[in-house]
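# Structural overview for review
This is what each chain is made of:
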Amino acid sequence: MILSIGLAVGFLAVMTLFLALLLVFAERRILNYGPCTLDINDGKKTLVVNGGSTLLSSLANNDIFIPSACGGRGSCAYCKVQVFEGGGMIGPVEEPYLSPEDIKENVRLSCQVKVRQDIKLAIPEELFLAKRFRGKLLHKRNLTYDIVELRIALIEPESIEFVAGQYIQLESPEYAGRDAVMRAYSISSVPSDDRHVEVIIRKVPEGICTTWVFEHLKENQEVFLSGPFGEFQLTDTKAPAVFLAGGSGMAPIWSILREMRERGDNRKAFYFFSGRNQDDLFFTKELFALEKELPNFKYVPCLTREDANSNWQGERGRIPAVLPKYIPDAKPFEAYLCGSSSLIDACVDALRQHGIQEPNIYYDKFE
Amino acid sequence: MEDAANLTGLAPVMLIFISAAFTDNILLTRFLGMCSVLGVSKKVDTSLGLGAAVIFVTTCTSGLNYLVYRYLLVPLELEYLRLIVFIVVIAAFVQFVEMVVERISEGLYNALGIFLPLITVNCAILGVSLFMLGTPYNFLQTLAYGAGAGAGWALAIGIIGGIREKINEQALPRGLAGPGITLIIIGIMSLAFVGFSGMIRI
Ligand SMILES: Cc1cc2nc3c(=O)[nH]c(=O)nc-3n(C[C@H](O)[C@H](O)[C@H](O)COP(=O)(O)OP(=O)(O)OC[C@H]3O[C@@H](n4cnc5c(N)ncnc54)[C@H](O)[C@@H]3O)c2cc1C
Ligand code: FES
């Protein structure tokens, strides 16, 4: 009895050990591609990595973080990069995510490209500066009934260098059967406060990341984010500026305005903020206070559904309707828009009708 | 009706192959390997890709497992370990093949490689190895049996893929789309395959 049990266990152990060793050995021999060179952006940076893993993880191991929301499973298509040489054929997992233009421009999903030989690739310049941060949520505060502000202290690395207007990607872990994802949120804090990141998040019904933020994320909890990304920022011309936003579109503009105050940038500036009624407004006191510190700045909250009998003294109506009253000729202005695409599209139309030059319109659509 | 095992030469090998593919279709009469069918049978070309990978793996693993059983388990009187040993052998083999395919041909890897991990846990593969034990086949016949069973499975998933491509799933009641309609298709097809039963006895 003991003997046969021993024999069975021994046999299984020997057998699995043998097969496992065989596989390990085979992996060493067969899948050893040796060192491969990654040539990024025409020699701007070259990395020597050990072949065999994906391009996404090889880059991440060298501190270049390509956005990825699905963790490399090939289902989010965030991780697109251009691969000119050495990427091999487009695999069946990638194919559905690549448009004909993508294919013409050699775009690939970096999580699906394996490093098997020297590779020449191109990534957006800004990704060189992006890092992945571990931080701690210091506080979560309600700004309105559906918007919260998060203040995150950075732990590792402990400071971030960014330009007001840029965004980070917040990681929400798996919870209640929903996938781990990454979502973009504009930074609302100022660059000089470089040990913290603040974001302003609006609840999206059933949204994966926002539901996590509103219902699961607790103060003092560890959070992960990467960044900074994006090109939305104030130009360094002295041209008058018009800011337009709604809801959480406040975030990057709140950062830009406070940065202007720090620099004493007293260019002529208007800020139109759209809401349905007074419940949608936040930072109102602070923004009107800013008018005193920046004499050429004017804050114009516009309410579309405010009760006609309320005590509201400000503008009633949509931004495109209110705008001409303040800016009859938009020609010299630069415009910065942030928020939902319907708001942005409507406002861009209005600005165009009032003579703004197309290249002077900058926006970040939040979807 | 012929009794295949009593014949000699190549004829029984052919017969075993055909009977394993049609009479004894592993998917449609034994209902093994359903999970991959439900998951992957949306299109003909992916169905056939998976089918080809299954043919290859059933053939090789039935052969390997035959050898392991005959020359290791039987002499050591450890036949009762067959289930677990077969699983380990299949898993290791699939891993190994995946590596080799990845190294030697990218085209082949893109066509078959992504299906290989799916196969490790495909019960049809294990089923073939276990059913083989109940037969009096020699090594060559076992390979034919494995190849036939794989081919039968590939044929079935190919047909199912074809049918599903033609079906407009949007037009189905919501609860039926996907796995629901696939199970119904499989049911009807297995009725059709009843027609083959009794043609060859093995
Ligand atoms: C550059 C950039 C900057 C951004 N900055 C901010 C920011 O500062 N503050 C902020 O709150 N959000 C911002 N967003 C939007 C944010 O990244 C997420 O899209 C949003 O929070 C929803 O994520 P989720 O995971 O909760 O929802 P998901 O699970 O992705 O979506 C759930 C459902 O809601 C829809 N949906 C997605 N986004 C929106 C939306 N914005 N409004 C309405 N419906 C939507 C989806 O189509 C889907 O049907 C920004 C987006 C971009 C691209
Ligand atoms: S990381 Fe999501 S598709 Fe590549």
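Everything discussed here concerns the structure shown above.
So, here's what we can say about the structure. (Residues numbered from 1 in each chain as written. Chains lettered and ligands numbered in written order. Predicted model: local features only at pLDDT ≥ 70, side-chain atom pairs only at ≥ 80, totals over all residues. Heavy atoms only, no water.)

### Some remarks on the nonpolar core
All names here are of chain A. Core analysis: the biggest nonpolar cluster contains 87 residues, and Leu55 and Leu121 have the highest contact counts within it. Setting aside its immediate chain neighbours within four residues, Leu55 contacts Leu38, Val81, Val83, Ser110, Val113, Val115, Ile119 and Leu121. Of all hydrophobic cores here, the second largest spans 31 residues; its members include Ala164, Leu234, Leu257 and Phe297. (Core = buried A, V, L, I, M, F, W, Y, C linked by side-chain atoms within 4.5 Å. Buried < 20%, exposed > 50% of the residue type's maximum accessible area, 1.4 Å probe, protein only. Contact = heavy atoms within 4.5 Å.)

### Concerning the sheet that holds strand E8 (residues 167–172) of chain A
Residue and element names in this part refer to chain A. Spatially, six strands are ordered E9-E8-E11-E6-E7-E10 in an open sheet, and the strand pairing comes out antiparallel. Strand pairing shows two members of the sheet lacking a second neighbour, strand E9 (181–186) and strand E10 (196–202), which therefore form its edges. Pairs of neighbouring strands in the sheet enclose a mean axial angle of 40°, with direction left out of account. Bridge analysis of strand E6 (residues 131–142) against strand E7 (residues 147–156) gives eight bridges, and the strand direction is antiparallel. Bridge pairing in E7 links His139 to Arg151. Across the sheet, helix H4 (residues 208–216) is in contact with E6, E7, E8, E9, E10 and strand E11 (222–229); its angle to E8 comes to roughly 75°. (Pairing = 2+ DSSP bridges. Helix = DSSP H or I, 4+ residues; strand = E, 2+ residues; numbered from the N terminus. Axes fitted to C-alpha atoms, helices over the stretch in contact; angles between N-to-C directions.)

### Concerning the site of ligand 1
All names here are of chain A. Residues in contact with ligand 1 amount to 19 residues; listed here are only the nearest, Arg183, Ala184, Tyr185, Cys209 and Thr210. A distance of 2.8 Å separates a nitrogen atom of ligand 1 from a polar backbone atom of Ile200. Cys209 places a main-chain nitrogen or oxygen 2.7 Å from an oxygen atom of ligand 1. Expressed as a share of its isolated accessible area of 900 Å², the protein-covered part of ligand 1 is 68%. Because more than half of its atoms lie within 2 Å of the grid, ligand 1 is assigned to the largest pocket. Those elements that place two or more of their residues in the shell around ligand 1 are E9, E10, H4 and strand E17 (361–365). Among the elements that take part in the shell around ligand 1, E9 stands out by supplying four residues, more than any other. Residues belonging to the shell around ligand 1 are distributed by class as follows: 10 nonpolar, four polar and five charged. When residues of the shell around ligand 1 are sorted by domain, at least three fall in each of domain 2 (131–229) and domain 3 (241–366). (Near = heavy atom within 4 Å. Polar contact = N/O pair within 3.5 Å; in protein donor to acceptor, adjacent residues only side chain to side chain. Areas by Shrake-Rupley, 256 points an atom, 1.4 Å probe, with all protein chains shown as cover. 1 Å grid on protein atoms, 1.4 Å probe; cavity = no way out; pocket = protein on both sides within 12 Å on 5 of 7 lines; lining within 4 Å. Sits in = over half its atoms within 2 Å of the grid points. Nonpolar A, V, L, I, M, F, W, Y, C, P; charged D, E, K, R; others polar. Domains from an automatic or database assignment.)

### Let's talk about the interface of chain B and chain A
The partner chain A presents 23 residues to the 23 residues of chain B that form the contact. Of the roughly 2,000 Å² buried where chain B meets chain A, counting both sides, 76% is carbon and sulfur surface. The largest per-residue losses of area from chain B upon contact with chain A belong to B:Met99, B:Glu102 and B:Arg103, which jointly make up 30% of the total buried on that side. Across the chain B-chain A interface, the total number found is two salt bridges. Across the contact surface, chain B and chain A share four residue pairs in polar contact (both at pLDDT 80 or more). Among the elements of the structure, helix H3 (44–73), helix H4 (82–104) and helix H5 (106–112) of chain B are those that each provide at least two residues to the side of chain B that touches chain A. Here the side of chain B that touches chain A takes 11 residues from H4(B), the largest share from any one element. Partitioning the side of chain B that touches chain A into residue classes produces 17 nonpolar, three polar and three charged. (Buried area = accessible area lost by both parts, 1.4 Å probe. Salt bridge = Lys/Arg side-chain N within 4 Å of Asp/Glu carboxyl O.)

### Comments concerning the pairing of E6(A)
All names here are of chain A. Taken together, the six bridges between E6 and E11 define a ladder with antiparallel strand orientation. Among the inter-strand pairings, Phe133 is bridged to a residue of E11, identified as Leu225. The loop that links E6 with its antiparallel partner E7 comprises four residues.

### Brief notes about the sheet that holds strand E2 (residues 45–50) of chain A
Residue and element names in this part refer to chain A. With mixed pairing, the five strands of this open sheet are ordered in space as E2-E1-E5-E3-E4. Of all strands in the sheet, those bounded by a partner on one side alone are E2 and strand E4 (107–109). If you compare each strand with its neighbour and ignore which way they point, the axes differ by 40° on average. Pairing between strand E1 (residues 35–40) and E2: six bridges, direction antiparallel. Note that in E2 the partner of Cys36 across the bridge is Val49.

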